[in-house]
Amino acid sequence: DQQVKQNSPSLSVQEGRISILNCDYTNSMFDYFLWYKKYPAEGPTFLISISSIKDKNEDGRFTVFLNKSAKHLSLHIVPSQPGDSAVYFCAASANNAGNMLTFGGGTRLMVKP
Amino acid sequence: NAGVTQTPKFRILKIGQSMTLQCTQDMNHNYMYWYRQDPGMGLKLIYYSVGAGITDKGEVPNGYNVSRSTTEDFPLRLELAAPSQTSVYFCASSYRRGPLNYGYTFGSGTRLTVV
């Protein structure tokens, strides 16, 4: 039973447009959410995070939105660049579970020049 | 500034063989983890360690063993390799102080094929 789901395995976007990656979770105890980016043959790297006390966090071209009632978060990339092409993992943790990360299955983003 | 180093990067094993995946970190992180990544399934936690001498099972520990004799090293042992263990393995570390876990740093992975 996947507690964190990324229902779109892939997404293709034109350079300069917005990329929206979605993530749903089922565990209401999750209180911290992260996005990781992974290039081929490399380990995942941290991108952006959000605490459950917020509904938005912004860092340059990247914004994460959290809708707690819907148990849904999304990552917006504006404008998208070819270098953003990678696999993006959503992850969640719960303070009462040692803050171990639970990962979604990933979404492969392709940004076309 | 090496971060988390994993060796080897690639390995092909025959069914029933054994091997150890090495992981070392130079950031003095207290927490270390082993994940496996299967296609479309995200990262599954195999084992983790909260400090030297302390290890615990994650979500998918069967077929694996770990040890943590030092803060820096966290090797993963496969005793009797099976085709179901074909995967990409990632080691990670983090610094945890109290309730806060200050993010994970991942190694570049070991791609293992069992034939």
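Refer to the structure printed above.
Residues numbered from 1 in each chain as written. Chains lettered and ligands numbered in written order. Predicted model: local features only at pLDDT ≥ 70, side-chain atom pairs only at ≥ 80, totals over all residues. Heavy atoms only, no water.

(A) Structural detail: the overall build of chain A. Helix and strand content of chain A: zero helices and eleven strands. When its helices and strands are written in sequence order, chain A yields β-β-β-β-β-β-β-β-β-β-β. Its C-alpha atoms give chain A a radius of gyration of 13 Å, near enough to 13 Å, the size a compact globule of 113 residues would have. By principal-axis analysis of the C-alpha atoms, chain A measures approximately 45 × 30 × 20 Å. Sequence-distant contacts in chain A: of pairs separated by 6 or more residues, those separated by 24 or more amount to 54%. For chain A, the exposed area adds up to about 5,400 Å²; of that, 50% sits on carbon and sulfur atoms. If the 11 positive side-chain charges of chain A are averaged to one point and the 9 negative ones to another, these points end up 4 Å apart. (Helix = DSSP H or I, 4+ residues; strand = E, 2+ residues; numbered from the N terminus. Rg over C-alpha atoms; globule rule 2.2 N^0.38 Å. Contact = heavy atoms within 4.5 Å. Areas by Shrake-Rupley, 256 points an atom, 1.4 Å probe, with all protein chains shown as cover. Lys, Arg positive; Asp, Glu negative; His and termini not counted. Charge placed at Lys NZ, Arg CZ, Asp CG, Glu CD.)

(B) Expanded view of unusual backbone geometry. Cis geometry is found at the peptide bond from V78 of chain A to P79 of chain A, where omega equals -10°. For P79 of chain A, the location among the structural elements is in the loop between strand 8 (72-77) and strand 9 (86-93). The amide bond that connects T7 of chain B to the next residue, P8 of chain B, takes the cis arrangement and shows omega of -5°. Within the secondary structure, P8 of chain B is located in the loop between strand 1 (4-7) and strand 2 (10-13). Of note in this structure, K71 of chain A is not a glycine but carries a positive phi near 50°. Considering the arrangement of structural elements, one finds K71 of chain A in the loop between strand 7 (62-67) and strand 8. We note that N28 of chain B has phi near 60°; this positive angle belongs to a residue other than glycine.

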